[in-house]
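Below, each chain spelled out in residue letters.
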4 protein chains.
Amino acid sequence: MAAYEPKNPGYRAAAVAMFDGQPAMRTLGIVIVRLGPGEVELAMLHSPEFTQQNGFIHAGIITAGLDNACGVAAFTLMPREADILTVEFKTTLLAPARGERFVFKAEVVKPGRTLTFCEARAFAEHEGKITLIATMTGTLMAMLPRMATSPAPGTSGA
Amino acid sequence: MAAYEPKNPGYRAAAVAMFDGQPAMRTLGIVIVRLGPGEVELAMLHSPEFTQQNGFIHAGIITAGLDNACGVAAFTLMPREADILTVEFKTTLLAPARGERFVFKAEVVKPGRTLTFCEARAFAEHEGKITLIATMTGTLMAMLPRMATSPAPGTSGA
Amino acid sequence: MAAYEPKNPGYRAAAVAMFDGQPAMRTLGIVIVRLGPGEVELAMLHSPEFTQQNGFIHAGIITAGLDNACGVAAFTLMPREADILTVEFKTTLLAPARGERFVFKAEVVKPGRTLTFCEARAFAEHEGKITLIATMTGTLMAMLPRMATSPAPGTSGA
Amino acid sequence: MAAYEPKNPGYRAAAVAMFDGQPAMRTLGIVIVRLGPGEVELAMLHSPEFTQQNGFIHAGIITAGLDNACGVAAFTLMPREADILTVEFKTTLLAPARGERFVFKAEVVKPGRTLTFCEARAFAEHEGKITLIATMTGTLMAMLPRMATSPAPGTSGA
């Protein structure tokens, strides 16, 4: 991966604040493990209340971890005044989300003024073994103040 | 949409049982509103604990609703002995998930012995107005008993 | 589908000119069949030189038709001075591209100042029978003159 | 990437024969540059007849290269008697396809008896500089003789 130069010198505090501002992350028990310019690692312990019919973590919850990893990774490269929205993502589920702990690693593939493209991978730790269980590719959008006051294109509502 | 003929005459009870077997759906407060061969409608009330930094429902939670709608819709057309796994999906986020209630509608685009393809749409109800907020296209896989005993291809893990 | 109001009164001529400016469309033999605000239908005859190993049209060629249908549909709703770029798309292949003629229908799901979201479907006509063979969901981006002079965000390259 | 063990000792000849059996690859001028178990590199020279309105190679043609790279990579790990079909893919376009030569690199992320998951990247060579222009994630399906005689699941069909 290329080494990226953050536009916001306070990117780390900004990214942590954005992450901590999300009640969904607290509810799911997802935490930041590692954070750098254009890359992030999140982790989550198994919770029975977020499983599907076979006892594995639900694909939507794995997706929430992957999406947030992409969002934080993209956000580290955005200017100070930007807010961030997810445009779209694709999740591929390679193996059941079986394990005691799950890790979500994301990195920026291409940053841009408006759009940033990320890739992420989810891993399950089960009885000491680590398995790649899912991948994501996603598009994130920087919402700058000027854009936020005019009707927000494509992502803000009618 | 084409009218589909279920292979399992007890498809309705089977789909409800599969849905009810998912603790994640209870935790997220997602319920079945309507169910037919190859189509389903789910609903969820707003929960502050599943929001992101702007107070909207997190994209991963919306995705959990869309994915489950696809899964139930696909499951209604599978044979009695099948289990179901999601292979992949793409979520496009058209507008913020702002509202008091959310609806997830899915339908089968093409059923198959192994793979079933679905499309789903998420709507937000906010102050009496309904807005399309997200779409999904997804691939679901039927896991038949014979397949489940041999190493599960593509989706079950090493 | 919602009825859209074009921003460019000359949208029809502009869309035809953009389409006709693409040598790839001529080479593939793809033509515009129908065109309206936010929707388009393209068609292509079978060509042996664009087949894969089983004699069906190659998935990449079907994707070229779907992508162009999305692009023209989105372009009809953009302002006069905009250029257009595809951000991303997903293609799902439901059935082999077997037939004498192929039709690509696209419509805008949500237009926006920067991003426009489209859906498209490809159909094969084979011995008098029409089959849905592929679907696409895609994101298109309007490139406005101001944006084109500064380093093009997200899609134009370093 | 993991080192994969091909099931078919003649995987190389089989993959080359499958590739050479595709008229679309000849027409587009795409050739195999490198081939190993679960990985492949293809290349294509610029052709004016496959450009879009700005003189860049059309996204559908780039997708044809990426899809074929995924298909050949997946095929190297399939048993001798298998045929292969693409189930779905997502293409993200990071930069315009501007250059004299284009390279498509794919690798298998997870092989399976029925489904194989691949990732691919497209690069443009322009005036001595190499730029990542597009990425793909795709799902490929092995069609085994038994499956081919019964109604083909998910991809063939009415």
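Bear in mind the structure is a predicted one, so any value in this text is a computation, not a measurement. (Residues numbered from 1 in each chain as written. Chains lettered and ligands numbered in written order. Predicted model: local features only at pLDDT ≥ 70, side-chain atom pairs only at ≥ 80, totals over all residues. Heavy atoms only, no water.)

### A short note on the interface of chain A and chain D
Put simply, the rule is: Contacts are residue-level and defined by heavy atoms, with any inter-residue pair within 4.5 Å sufficient. Defined here as a combined quantity, buried area equals the accessible surface (1.4 Å probe) lost by two parts on assembly, summed across both. For the purposes of these results, a polar contact is taken to be a pair of N or O atoms within 3.5 Å, where, inside protein, one atom must be able to donate a hydrogen and its partner to accept one; residues adjacent in sequence count only when each atom of the pair is a side-chain atom. Per the convention used, a helix needs a DSSP run of H or I reaching at least four residues, while a strand needs a run of E reaching at least two, with both numbered from the N terminus.
Of the residues lining the interface, 15 residues belong to chain A; the matching set on chain D comes to 15 residues. Overall, the association of chain A and chain D removes approximately 1200 Å² of surface from exposure, summing both partners, and the carbon and sulfur fraction of that is 56%. Counting every contact that joins chain A to chain D gives seven residue pairs in polar contact (both at pLDDT 80 or more). Listing elements by their share of the side of chain A that touches chain D, those giving two or more residues are β3 (83–93), β4 (101–110), β5 (115–126) and β6 (129–143) of chain A.

### A short note on the relation of the copies chain D and chain C
Put simply, the second copy of the chain is the first one after a rotation about an axis and a shift along it. Rules: Only residues with pLDDT of at least 70 in both copies count here: their C-alpha atoms drive the least-squares fit that superposes the copies.
Overlaying chain D with chain C gives an RMSD of 0.0 Å, the required rotation being 180° about an axis along which the chain moves by 0.0 Å. In the structure described here, the two chain copies are related by an operation that fits a two-fold rotation axis. Of the C-alpha atoms belonging to chain D, the one lying closest to the rotation axis is found on Lys-90 of chain D, 2.0 Å away. Of the interface residues in chain D, 98% have counterparts in chain C that sit at the interface too, so the contact is made through matching surfaces.

### Let's talk about the UniProt feature "domain: Thioesterase" (unreviewed entry) in chain A
Stated formally: UniProt positions are given in the numbering used here, feature names are shortened, and annotations may be inferred rather than shown by experiment.
Those residues carrying the UniProt feature "domain: Thioesterase" (unreviewed entry) are residues 54–129 of chain A in this numbering. As a span, residues 54–129 of chain A carries 22% helix and 45% strand, and end to end its C-alpha atoms are 20 Å apart.

### A word on the pattern of salt bridges
Side-chain pairs of opposite charge can arise whenever the charged atoms involved come near each other. Basically, it comes down to this: When a carboxyl oxygen of Asp or Glu is within 4 Å of a side-chain nitrogen of Lys or Arg, the pair counts as a salt bridge. Each residue is placed in one exposure class: buried if its accessible area under a 1.4 Å probe, protein chains only, is under 20% of its type's maximum, exposed if it is over 50%, and partly exposed if it falls in between.
Applying the stated rule across the entire model yields 16 salt bridges over all chains. Across the salt bridge formed by Glu-41 of chain A and Arg-34 of chain A, the nearest N and O atoms sit 3.3 Å from each other. Owing to a relative accessible area of 13%, Glu-41 of chain A belongs among the buried residues under this scheme. For Arg-34 of chain A, a relative accessible area of 38% corresponds to the partly exposed category. Across the salt bridge formed by Arg-121 of chain A and Glu-119 of chain D, the nearest N and O atoms sit 2.6 Å from each other. With Arg-121 of chain A in strand β5 and Glu-119 of chain D in strand β5 (residues 115–126), this residue pair bridges two chains. Glu-119 of chain D gets classed as buried once you look at its relative accessible area, which sits at 17%.

### Quick notes on unusual backbone geometry
Residues and elements named next belong to chain A. Phi is positive for Glu-127, which is not a glycine, with a value near 50°. Locating Glu-127 in the fold gives a position in the loop between β5 and β6. Since its relative accessible area comes to 69%, Glu-127 is described here as exposed.

### A few points about the packing of helix α1 (residues 11–20) of chain D against helix α3 (residues 59–75) of chain D
All names here are of chain D. Heads up, the condition is: A fitted line through C-alpha atoms serves as each axis, taken over the contacting stretch for helices, and the angle formed by two N-to-C directions is quoted from 0 to 180°. Note that the term roughly parallel is reserved for angles under 35 degrees, roughly antiparallel for angles over 145, roughly perpendicular for angles of 65 to 115, and oblique for everything else. Each crossing gets its handedness from the near helix: less than a right angle anticlockwise from the far helix is left-handed, clockwise is right-handed.
Packing of α1 against α3 leaves a shortest axis separation of 9 Å and a crossing angle of 150°. Judged by the inter-axis angle, α1 sits roughly antiparallel to α3. α1 and α3 meet at a crossing whose hand is right-handed. Every residue of α3 that contacts α1 at Ala-14, Ala-15, Met-18 and Phe-19 is listed here: Asn-68, Gly-71, Val-72 and Phe-75.

### Points about the relation of the copies chain A and chain D
The two copies are related by a screw motion: chain A maps onto chain D through a turn of 180° and a shift of 0.0 Å along the axis, at an RMSD of 0.0 Å. Both copies contact each other with a shared surface, as 100% of the interface residues of chain A are interface residues in chain D too.

### Overview of the sheet that holds strand β2 (residues 39–45) of chain C
Keep this limit in mind: In short, DSSP must find at least two bridges between two strands for them to pair.
Pairing is antiparallel in the open sheet, where 12 strands are placed in the order β1(C)-β2(C)-β4(C)-β5(C)-β6(C)-β3(C)-β3(D)-β6(D)-β5(D)-β4(D)-β2(D)-β1(D). Since the sheet does not close on itself, it has two edges, and those belong to β1 (30–36) of chain C together with β1 (30–36) of chain D, each with one partner. On average, adjacent strands in this sheet sit at an angle of 25° to one another, irrespective of strand direction. In the sheet, strand β2 (residues 39–45) of chain D pairs with strand β4 (residues 101–110) of chain D via seven bridges, with the strands oriented antiparallel. The residue bridging Met-44 of chain D from the neighbouring strand is Phe-102 of chain D, located in β4 of chain D. The sheet contacts of helix α1 (residues 11–20) of chain C involve β1, β2 and β3 (83–93) of chain C, and relative to β1 of chain C the element is tilted by about 165°.

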